[in-house]
Amino acid sequence: MTAERVLVAGATSAIAAAVARRYAEAGADLVLAARDAGKLSAVADDLRVRGTGRVETFVIDMVDTARQAELLAAAQAALGRIDVVLVAWGTLPDQAAIEHDVAATLACWEANATSVVAFLAQAADVLEAQRGGCLAVITSVAGVRGRRANYTYGAAKAGVIAFAQGLRARLFAAGVAVVELRPGPVDTPMTARLRKGPLFIGPERAGALIVGAIRRRRDIAYIPGYWRWIMLAVALVPEGVMKRLNLSAG
Amino acid sequence: MSGYESWGRFPRATPRAVVPIRWRDEPPSLADLPGPLLPYARGRSYGDSCLNDGGTVLDVNGLARFIAFDADRGLLRAEAGVGFDAILNLIVPRGWFLPVTPGTKFVSIGGAIANDVHGKNHHRAGTFGCHVTQLELLRSDGTRLVCSPTANAELFQATIGGLGLTGVILWAEIALKPIPGPQIELRASRFGRLEDFFALSEAADADDEYTAGWIDGMSRGRRLGRGVFLGGNHARGDGTWRGAHPSRLRLPMDVPEWVLNPLSIRVFNEVQYAVLGRKSARAFAGYESFFYPLDVVHNWNRAYGKRGFLQYQCVVPFDDGLAVVREILDRIAASRSAYFVVGKVFGSIRSPGMLSFPRRGVTLAVDIPNRGPEIFALLDAIDALVIEARGAVYPAKDARMSPRSFEAFYPQWAAFARHVDPAFSSSFWRRVTAGLGASDGVPAKAQATAPSAPASVAGAGGPSAATAAAGALGGGA
């Protein structure tokens with residue numbers, strides 16, 4: 001990996017921090033964006049010790065779509081050209097707790113779909129204009145099929161998946177890759193309340209797989225790869241059967 | 001709540017709750033948690049000092065970030081859950097090394113402080129705690145105190161070797177040691193008698209930064225105390241910085257207990273003696289194979305089967321060291337159960353730690369499969385010898401010492417107890433202070449945190465402990 005210039009949006013998530021750590025150790029210049037200034041500086045300090053490149057921070061609530069352009073401008077100013085944009089923020093609400101709460105349902109969409117689509121659209125323009133780079137977005141296996149256990153979250157992720165597909169086709173001509181990453185369950189603060197099954201992986205492993213998928217410019221990468229086959233099987237379950245099941249993972 | 005066990009896998013314990021601490025600036029409110037509390041990182045303590053049966057485990061593995069590294073002065077500041085493995089990967093290519101390291105790199109910096117770990121360079125460098133320049137402690141009342149030899153000095157001294165009982169270490173700063181390269185120049189020499197081990201150690205203290213000896217734990221009589229002495233020094237760089245060798249081997253299951261039997265152990269020891277120090281051999285080794293040979297098998301503790309194993313490490317002063325060490329070795333050999341016996345002569349550098357284990361004298365570390373009552377009786381008998389010699393047994397490796405033994409080894413314990421956070425405790429602490437106390441001026445609250453069932457099994461917790469020079473050498477075969 002040559003030294004790259006990377007923007008990580010949602011940099012204090014466990015997976016994003018693991019990805020950023022790998023880039024830092026490879027000498028990358030980084031711009032990190034997240035909501036919490038204290039956590040952001042803790043992550044940034046760690047990367048400065050590990051890496052040799054520049055590490056800049058930008059405090060922003062990524063759900064605040066009005067400020068997203070500001071972040072992109074700051075990242076361009078800091079990095080010059082941007083090689084990789086990683087979109088890594090999101091929330092995983094407890095489905096049972098929000099399903100009779102319209103405000104919470106819409107907030108889940110704001111955090112996982114609307115704000116993500118808004119940012120992807122703006123970042124796409126930046127990369128298209130520089131005619132190159134990689135736009136990577138973390139979705140979820142939950143976006144592959146709606147399930148009882150997390151359909152609000154899953155539907156939001158499904159929206160991003162479809163958006164990314166179209167964007168990929170548009171940006172192809174400009175030499176810009178759109179890498180859509182679909183992790184299965186990862187043992188992070190976001191999944192702290194879930195029971196940990198054997199399919200859970202650690203954030204470090206997820207980070208390593210994500211960096212590999214980005215390097216190879218994969219269109220769609222399941223994290224880890226075996227989720228591709230699991231989700232293929234899940235997708236084949238007839239809806240008449242599906243509605244009687246309550247698959248939990250992811 | 002699996003996964004919160006100690007390295008010896010005995011005793012077993014079940015915490016009531018596990019609460020992660022992920023951000024040093026936003027720790028959970030400890031006052032709101034069901035007590036007693038104990039931090040836990042890698043779980044490399046052998047016995048129950050990292051366990052908190054029925055209590056709340058504060059998992060600090062998420063505190064794994066570096067904070068600052070001054071590569072000119074060799075000062076490293078890191079969160080408490082950062083592992084020695086990560087530190088080495090960072091500092092060795094830049095010409096620095098850990099000032100003190102135990103026999104595994106899979107310990108956290110917090111655990112290394114809480115157990116005030118030592119290594120093969122104790123005679124030169126003292127304990128790990130001697131190289132801690134400052135640390136931040138989170139107490140259960142929510143206060144955060146930066147402690148150093150000059151600020152909050154008593155709490156600093158209590159926290160070094162304090163077994164995680166004085167609060168949660170959030171981060172620490174350590175002074176590193178400059179090295180000329182990643183290689184160790186080592187020499188091994190065989191010794192036929194215990195006297196020769198002492199003579200070799202004494203001679204090597206001046207020449208070798210690192211010294212330790214493997215001792216045949218099965219031979220008695222004329223061959224009692226024979227073994228192989230190992231001395232090492234950092235070597236000039238050869239220009240090629242070798243990265244960490246991967247430690248991917250894992251035992252897929254517990255090894256059946258019959259695999260380690262008196263015959264197989266005897267064979268191991270014979271081979272070790274025959275091969276390791278055939279003559280006075282000199283060689284170069286990567287630092288990992290010199291310091292961390294056992295780390296190659298990630299979970300070697302499973303080799304002892306599902307009942308786990310006990311590790312016993314004692315130190316006895318020099319005065320009558322030889323006679324006592326001889327007696328201890330003979331009892332171990334007679335029991336026909338010792339796999340690894342590692343010896344080391346500790347130097348006279350004092351640790352700032354109040355409850356620290358290392359002191360001037362001879363230390364022996366033994367791994368013993370948990371074969372039940374006769375092992376416990378043996379170790380009780382050895383305790384008595386150690387008490388008589390005014391020595392001590394290492395808490396980080398202990399699962400069975402009696403409160404009376406603990407009091408004899410650590411007469412300063414009551415003074416230490418005044419610094420124990422009232423909401424903190426461990427299975428070890430409850431066990432060794434049971435019945436002590438009331439008359440010894442221990443604060444009433446420290447007693448109050450002790451649940452009613454100290455008897456045997458303990459929970460998880462405790463800082464990621466570390467071990468001693470011990471394992472390292474033993475695995476050199």
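Look up a bit, the structure's there.
Structural notes, computed from the coordinates.

Rules of the game
- Every chain is numbered on its own, with residues counted from 1 as its sequence reads.
- The lettering of chains begins at A and the numbering of ligands begins at 1, in the order of writing.
- Only residues with pLDDT of at least 70 are given local features in this predicted model, and only at 80 or more are side-chain atom pairs given and counted; all residues enter the totals for whole chains, interfaces and linings.
- The basis for the side-chain values is all heavy atoms of the structure; hydrogens and waters are excluded.
- Angles run from 0 to 180 degrees between N-to-C directions of axes, and those axes are lines fitted to C-alpha atoms, restricted for helices to the stretch in contact.
- Under the DSSP-based scheme used, a helix requires at least four consecutive residues in state H or I and a strand at least two consecutive residues in state E, with every element numbered from the N terminus.
- Reported orientations rely on four angle classes, namely roughly parallel under 35 degrees, roughly antiparallel over 145, roughly perpendicular from 65 to 115, and oblique for the rest.
- Crossing handedness is defined as follows: a turn of the near helix away from the far one that is anticlockwise and smaller than a right angle gives a left-handed crossing, while the clockwise case is right-handed.
- Residues are treated as being in contact if the distance between any of their heavy atoms lies within 4.5 Å.
- Under the scheme applied here, ten amino acids are nonpolar (Ala, Val, Leu, Ile, Met, Phe, Trp, Tyr, Cys and Pro), four are charged (Asp, Glu, Lys and Arg), and all others, including Gly, are polar.
- The criterion for strand pairing is that DSSP finds at least two bridges linking the strands in question.

The next point concerns the packing of helix 1 (residues 14-25) of chain A against helix 2 (residues 37-50) of chain A. Residues and elements named next belong to chain A. Axis separation between helix 1 and helix 2 bottoms out at 8 Å; the angle between their running directions is 25°. As the angle between them shows, helix 1 and helix 2 are arranged roughly parallel. Remark: the crossing between helix 1 and helix 2 carries right-handed chirality. Mapping the contact onto sequence places Ala 17, Ala 20, Arg 21, Ala 24 and Glu 25 in helix 1 and Val 43, Asp 46, Leu 47 and Arg 50 in helix 2. When its residues are assigned to classes, the contact of helix 1 with helix 2 shows five nonpolar, no polar and four charged.

Here we take up the sheet that holds strand 7 (residues 220-223) of chain A. Residues and elements named next belong to chain A. Here seven strands make up an open sheet; going across it, the order is 3-2-1-4-5-6-7 and the pairing parallel. Looking along the sheet, the strands with just one partner apiece sit at the ends: strand 3 (55-59) and strand 7. Each strand axis lies, on average, 15° off the axis of its neighbour in the sheet, ignoring direction. Where strand 4 (residues 84-87) lies against strand 5 (residues 133-138), four bridges are found, and the strand directions are parallel. The residue of strand 5 that forms the bridge with Val 84 is Cys 134. Here helix 2 sits on the sheet and contacts strand 2 (29-34) and strand 3; the angle it forms with strand 3, its principal contact strand, is near 170°. With respect to the sheet, helix 5 (residues 102-130) is in contact with strand 1 (5-9), strand 4, strand 5 and strand 6 (176-183), its orientation differing from that of strand 5 by roughly 165°.

The subject of this paragraph is the sheet that holds strand 7 (residues 132-138) of chain B. All names here are of chain B. Here we have five strands laid out as an open sheet, ordered 4-5-9-7-8, and antiparallel in their pairing. In the strand order of this sheet, the two ends are held by strand 4 (66-70) and strand 8 (144-147), each with one partner. The sheet shows a mean angle of 10° between the axes of neighbouring strands, direction not considered. As paired elements, strand 4 and strand 5 (residues 75-79) share four bridges and run antiparallel to each other. Bridge assignment links Phe 66 to a residue of strand 5, and that residue is Ala 78. Sitting on the sheet, helix 1 (residues 84-91) touches strand 4 and strand 5, and the angle it makes with strand 4 is about 35°.

The next point concerns the packing of helix 1 of chain A against helix 7 (residues 203-215) of chain A. Residue and element names in this part refer to chain A. Where helix 1 contacts helix 7, the axes come no closer than 8 Å and their chain directions differ by 60°. With respect to helix 7, the element helix 1 is oriented oblique. Our pair here, helix 1 against helix 7, has a crossing hand that is right-handed. On helix 7, the residues that touch Ala 14, Ile 15, Ala 18, Val 19, Arg 21, Arg 22 and Tyr 23 of helix 1 are Pro 203, Glu 204, Ala 206, Gly 207, Ala 208, Ile 210, Val 211 and Ile 214. Its residues assigned to classes, the contact of helix 1 with helix 7 shows eleven nonpolar, one polar and three charged.

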